[in-house]
Amino acid sequence: MQMKGMVRFFAALFIIFSVYQMSHSWFVKSHEKKMKAQAERFVKATMPGADVNSEEYKNAVKVRLQRLLDSTSQTKITWFGETYKSAKDQEAKLGLDLQGGMSVTLEVGMADLLRSLSGHSTDKTFNAALEKAIAEKATSGKDLIDLFIANYSSLSNGAKLSGIFAGPSKGKVTIASSDNQVIEYIRKEADDAFASTANILRNRIDRFGVASPTINSDKAKKVITVELAGTNEKERVRAYLQSSANLQFFELYNIQEIDASLKSAQEAYAAVHKGTDTTKVTVDPADSTKVDTAALVANFAKENPIVSKFAQIYQPEQDPKTGKVFFPAAIGAVMTADTAALSALLKDPIIASKFPANLKFSYGSFGSEAQNQVVNLYALKTVDGSKAKLEGEHIEDASQDFDDRGKVAIKMQMDPIGSKIWAKMTGDNIGKGIAIVLDDFVQTAPNVNTVIPNGSSEITGSYTVKEATDMAEMLKSGKLPAPAKIVQEQVVGPTLGEEAVNGGMLAFTIAFAVIFVLMLAYYNSGGWIANVSLILNILFTIAILTALGNTFTAASIAGLVLTIGMAVDTNVLIFERIKEELSHGKSYKEAVNIGYRRSLAPVLDAHITTFITAAILYYFGLGPVKGFAFVQMWGIALNLFCGILISRTMTDWFTDRGKHLEYFTGISRKIFKHAQFKFIEGRKKAYIVSGILIALGIASFFNGFDYGVEFKGGRSYTVKFDQAVKNEDVANALHNVFGEHPIIKTVGDQKHLNITTAYKIDEPGMKIDSLVERTLYTGLSSFLPNGLSFEKFDADYKIAQQTVQPSISEDLKRGAIYATGLAILAIVVYIFARFRDSRFSIGTIISLIHDVLVTLAVFSFCRGIMPFPLEIDQHFIAAILTVVGFSMNDTVIVFDRIRENLGLMKGASKETIINRSINDTLSRTIMTSFTVFISILILFVVGGEVTRGFAFAMLIGVLVGTYSSIFVAAPILVDFQKDKPLADHKSEEKKEKTEEFA
């Protein structure tokens, strides 16, 4: 093989990179383990005699651990000099389904944007066109702006769009602008508003307080997906993400004005907590000058709970030119690691009551990592506890510019009302600061030098041009003319997440071990080549995905388990061909050369078809399913490198030294040796069986399916009970409060139920979710322990939940149909281009439709029989598309051998050639199917409930796909256009050219 040196170089490079990348997780875990031990020692010292199993103790440890991790974020913990924060950012990240947390999909409202761009027009045609577009989008999934334009065109009797949008556009379009110009303006504003919403949400989430949040925006679908692993603050998340961006201008209190309140608050707080401190200052008897510094610091913090959290309290300054004394706009600076603790203190009722009623504390904007050590704290003067004298609704325009010193700035212009308020505010605060606040964070607080009568203002700071441009876009959108609404939500409790981790890792470990042993048992010493290739494939895949910031979910682990099964398929194909050539009397060197060369085409075909389906799934999928496809695509790509190039390099290392790997064992030498099965002769019986299966598949559409909440909309809750309960009893109890019968499914056993309801799913409002959850609690109260509070039920008994609005469920359903159809079409086109005979494509499409219908039939007719839910959801679609790709692996192997034998068996009948080809490839067809089947079976048995439905669909698909490759796809080549010979195989001389790649 050529390029051996390059293969070795890149293999070594990948190994070094993978070890480096994976080491971050080890360093982070070691540091966190050390910090946890310190936290536990601290809590035990401060809470002597506390029950280590109590919630109070665990929460105290958690809070202390987080403070330690915050305070050591810049501590170097790796051998390479990287800090904890840097290493944490680069470690493998677990999704919420593996550690608990919350995932939401927000849809950015284009309807509200159109209303805003029209100046909230009352034009009847405009509003009728918009309402019709909204209704059509709910059922079609098409772009709302496209639908609005089409409807306006049909209803307006030739009236131009400029008549609606010219006035409010502030000159961006005029009354003379054409419809195309107005449409271009609308689309640009829509894209800018979507980007603004995504940026604001990202900024908010970065300050939310969870480790490694995941935010993905889809500009085409106008949706934003957010994963907050580890959080259980559902209400805070819902309010935090759905509230509008808010620009405000506040007058400020200085430190002198609140000094008395600050002292009073500290004294009141210290008095209430007096006597709870057990810390004593000790003096070393051997040296009276040595004082327990830690105890002094602790006592100072106890006596000065607020001041002790400041890095610095700002004092008045004197202008060296004028001699005037002035106060800084901020009252002090706080270490970012202490902001959470200080915020909690300032919200304490005892402390809050001592400050003016109209005072609101707000931090300065958190900058980049280099600027992120301290942050200013401001004391804002509010109108009614939250509003400012001047609100952002009066901002007419904003743009990135430069100030008079050449620094990047954001220039703003106000409307007439805002200009009047701004003039009075600046006149009243000469020599004082005014805070410009965005989303409750102070962006800048300049001192006022003179009255500003023209309504102009600017924000300055350490901004780049891009950052200033982004902020200007945010300000232009004001209170988000394109608001974000949660259309899909999933909450996973930490208990369920831990079970998913344990099940997934157990499945991965067992599958790896079983395949490892199987390769050695079936391929002798050649199995070591396959196993080393497998290890490197898995190592490279995990390392690259981690480096790319991929979040590992239960679906990702399923993708890795599937990668294990498919990774060895490449070596199975090659080894089986080598064994075949050895059986024909070839030398080891010849057999290896021919085996790798002749296996290249079917290996590439199998990988390309599987990659096509994974790419389509990635495009149409959301959340975990998208992650599964991403893992699968990388696994497929890296398998080509490991399974072909590295495998061949290792094999040649032995061959070049006169050593030969053994590919036979006592078992493999006998299986399928000289197989002479008459598959074609029995095809009519197979047609009857397949006809029945296809009929059942068609009948399944009439029999119906159990759709997951993703595809039908609604709310789904997974609840655990202390005692086994009956589904019917729970359904009847909930009917009394919901007014409808929910769908109840058993999850594992009768102590765990999944409850799905459409109760109030169409009602808007951020409090609706909480209302439904409390109604669920009321309905289930008779099955719960006496006296159990809602908070306890929510934390310990409701272990997972999911919400999907009807609009997004329709989009998901359509996407699933498009994805499946497109995958089949793409593979059919590829097969036609590859084999240049329509009968190969016909055999392909019939076998794929056959496989899909059989799987659907099982999910339709076996629901209610199986002890686990058989739902049509995104995971099922992922399984179907994976089955489509896998089914083609076996089919392509047979097709490629048929094409090869056409050139070798001149004059033989089609029946003879096809029979021979199926028998020749039978061993590799069975082995490739078996390795994938055994991997998925292990995932099904021990992988947990999260992936059980997916694994079951895959098991059915693998079995059916193997059957259809032999009994459906290949025999069709005989019965379609019987008198026409199959496309002849290209000459062997041409095919020899591929040897350079093998």
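All figures in this text were calculated on a predicted structure; none of them were measured in a lab.

Trainee: Quick rundown of the overall build of the protein? Include the residues and the values.
Mentor: Broken down by element type, the protein carries 33 helices and 25 strands. Counting all 998 residues of the protein, 52% fall into the buried class. Surface accessibility of the protein: about 44,600 Å² in total, with carbon and sulfur atoms responsible for 58%.

Trainee: Could you give me a rundown of the packing of aromatic side chains, with the residues and numbers involved?
Mentor: A complete count under the given rule lists 35 aromatic pairs for this structure. Each ring, one from Phe575 and one from Tyr663, has its centre 5.2 Å from the other, and the planes form 55 degrees; the classification is tilted. Of the two residues, Phe575 is situated in helix α19 (residues 554–583) and Tyr663 in the loop between α21 (624–655) and α22 (683–703); the sequence distance between them amounts to 88 residues. According to the relative accessible area criterion, Phe575 is buried, its value standing at 0%. Accessibility expressed as a relative area gives 1% for Tyr663, which makes it buried. Members of the aromatic cluster, each reached through a chain of ring pairs, are Tyr20, Trp26, Phe27, Trp79 and Phe80. Here the basic side chain of Arg948 rests over the ring of Phe940, its NZ or CZ set 5.8 Å away from the ring centre.

Trainee: How would you sum up helix α30 (residues 910–920)? Please name residues and give values.
Mentor: Counting buried residues along α30, eight of its 11 residues qualify, which places the element largely inside the surrounding structure. If you check which residues of α30 are buried, you get Lys910, Ile913, Ile914, Asn915, Ser917, Ile918, Asn919 and Asp920.

Trainee: Describe in detail the packing of α22 against helix α28 (residues 838–861), supporting the description with residues and values.
Mentor: One way to put it is that α22 packs onto α28 with a least axis distance of 8 Å and a crossing angle of 55 degrees. Compared by their axis directions, α22 and α28 come out oblique. Handedness of the α22/α28 crossing: left-handed. Along the contact surface, α22 presents Ser690, Leu693, Ile694, Leu696, Gly697, Ile698, Ala699, Ser700, Phe701 and Asn703, while α28 presents His850, Leu853, Val854, Leu856, Ala857, Ser860 and Phe861.

Trainee: Describe the packing of helix α20 (residues 588–620) against helix α29 (residues 874–904), and please don't skip the residues or the numbers.
Mentor: Running from N to C, α20 and α29 cross one another at 160 degrees; their axes reach a closest spacing of 9 Å. As judged from the angle between their axes, α20 and α29 are roughly antiparallel. For the crossing formed where α20 meets α29, the hand is right-handed. Across the interface between the two elements, Arg598, Ala601, Pro602, Asp605, Ala606, Thr609, Thr610, Thr613 and Leu617 from α20 touch Ala878, Leu881, Val884, Gly885, Phe886, Met888, Asn889, Val892, Ile893, Asp896 and Glu900 from α29. Across the contact of α20 with α29, the residue classes break down as 11 nonpolar, five polar and four charged.

Trainee: Please give an account of the pattern of salt bridges that cites residues and values.
Mentor: Taken as a whole and assessed by the stated rule, the structure comprises 27 salt bridges. Between Asp259 and Lys263 there is a salt bridge whose closest N-O contact spans 3.4 Å. You can see Asp259 and its partner Lys263 sitting in helix α11 (residues 259–272), four residues apart, about one turn around the helix. With a relative accessible area of 48%, Lys263 lands in the partly exposed category. Taken together, the salt bridges that share partners define one network made up of Arg577, Glu580, Glu581, Lys586, Arg598, Arg897, Glu900, Arg916 and Asp920.

Trainee: Quick one: what's the story with the pairing of strand β23 (residues 749–757), residue by residue and with numbers?
Mentor: Both faces of the sheet carry side chains from a regular strand, because those side chains alternate between them. With six bridges joining them, strand β21 (residues 714–720) and β23 adopt antiparallel strand pairing. Considered in β23, the bridge of Arg715 is made with Thr757.

Trainee: So what's going on with the environment of Ser860? Residues and values would help.
Mentor: Looking at the secondary structure, you find Ser860 in helix α28. The buried category is assigned to Ser860, whose relative accessible area is 1%. Between the C-alpha atom of Ser860 and that of Phe705, which follows or precedes it by 155 residues, the distance is 5.1 Å. A distance of 3.4 Å separates a polar side-chain atom of Ser860 from the backbone oxygen of Ser700. In terms of polar contacts, Ser860 uses its side chain to reach the side chain of Asn703, at 2.9 Å.

Trainee: Any chance you could break down α29 for me, citing the residues and the numbers?
Mentor: Across its 31 residues, α29 extends 45 Å between first and last C-alpha, which sits within 8% of the 45 Å expected from 1.5 Å per residue. Most of α29 sits inside the fold, with 29 of its 31 residues counted as buried.

Trainee: How would you explain unusual backbone geometry if you had to name every residue and give the values?
Mentor: Unlike most non-glycine residues, Lys170 shows phi in positive territory, near 55 degrees. By the element assignment, Lys170 lies in the loop between α8 (162–165) and α9 (179–206). Here Asn524, not a glycine, exhibits a phi torsion of approximately 60 degrees, which is positive. In this fold, Asn524 is placed in the loop between α17 (494–523) and α18 (526–547). Taking the relative accessible area as the measure of exposure, Asn524 reaches 31% and is therefore partly exposed.

Trainee: For the confidence of the model for the protein, give the residues involved together with the corresponding values.
Mentor: In the predicted model, the protein carries a mean pLDDT of 80, and the fraction of residues at 70 or more is 85%. Looking across the protein, the model is least confident in helix α33 (residues 988–991), with a mean pLDDT of 41, and most confident in α22, with 91. This model gives residues 277–283 a pLDDT under 50, and the stretch forms 16 contacts once residues within four places in sequence are excluded. pLDDT under 50 marks residues 985–998. Its contacts with residues more than four places away, or in other chains, come to 23 contacts.

Trainee: So what's going on with the nonpolar core? Which residues, and what values?
Mentor: Core analysis: the biggest nonpolar cluster contains 114 residues, and Met519, Phe575, Ile578 and Ile831 have the highest contact counts within it. Residues contacting Phe575, with those up to four places away along its chain left out, are Tyr523, Gly526, Gly527, Ile529, Ala530, Tyr596 and Tyr663. Of all hydrophobic cores here, the second largest spans 40 residues; its members include Leu113, Ala193, Ile224 and Val491.

Trainee: Could you give an account of the sheet that holds strand β14 (residues 408–414), with specific residues and numbers?
Mentor: With antiparallel pairing, the three strands of this open sheet are ordered in space as β13-β14-β17. In this open sheet, the two strands that pair with only one neighbour each are β13 (395–402) and β17 (456–460). Neighbour-to-neighbour, the strand axes of this sheet turn through a mean angle of 25 degrees, independent of strand direction. The strands touched by helix α15 (residues 416–428) within the sheet are β13, β14 and β17, with β14 carrying the most contacts at an inclination of about 110 degrees.

Trainee: Summarise the pairing of β14; cite the residues concerned and give the values.
Mentor: Counting buried residues in β14 gives five out of seven residues, a clear majority hidden from the surface. Pairing geometry for β13 and β14, over seven bridges, is antiparallel. Note on β14: the bridge partner recorded for Phe402 is Val408. Hairpin remark: β13 followed by β14, antiparallel, with five residues in the connecting loop; positive phi at Gly406, about 85 degrees. Taken together, the five bridges between β14 and β17 define a ladder with antiparallel strand orientation. Paired with Ala409 across the strands is Thr460, a residue of β17.

Trainee: How would you explain the side chain of Thr546 if you had to name every residue and give the values?
Mentor: Tracing the backbone shows Thr546 in helix α18. Thr546 sits in the buried class, given a relative accessible area of 3%. For Thr546, the residues in contact, after removing those within four places along its chain, are Gln21, Met22, Gln90, Glu91, Ala92 and Phe552.

What counts and how
- Residues numbered from 1 in each chain as written.
- Predicted model: local features only at pLDDT ≥ 70, side-chain atom pairs only at ≥ 80, totals over all residues.
- Heavy atoms only, no water.
- Helix = DSSP H or I, 4+ residues; strand = E, 2+ residues; numbered from the N terminus.
- Buried < 20%, exposed > 50% of the residue type's maximum accessible area, 1.4 Å probe, protein only.
- Areas by Shrake-Rupley, 256 points an atom, 1.4 Å probe, with all protein chains shown as cover.
- Phe/Tyr/Trp six-rings, centres within 6.5 Å; stacked < 30°, edge-to-face > 60°.
- Lys NZ or Arg CZ within 6 Å of the ring centre and 35° of its normal.
- Axes fitted to C-alpha atoms, helices over the stretch in contact; angles between N-to-C directions.
- Parallel < 35°, antiparallel > 145°, perpendicular 65-115°, else oblique.
- Left-handed = near helix turned anticlockwise from the far one by under 90°.
- Contact = heavy atoms within 4.5 Å.
- Nonpolar A, V, L, I, M, F, W, Y, C, P; charged D, E, K, R; others polar.
- Salt bridge = Lys/Arg side-chain N within 4 Å of Asp/Glu carboxyl O.
- Pairing = 2+ DSSP bridges.
- Polar contact = N/O pair within 3.5 Å; in protein donor to acceptor, adjacent residues only side chain to side chain.
- Expected span 1.5 Å × (residues − 1).
- pLDDT = per-residue confidence, 0-100.
- Core = buried A, V, L, I, M, F, W, Y, C linked by side-chain atoms within 4.5 Å.

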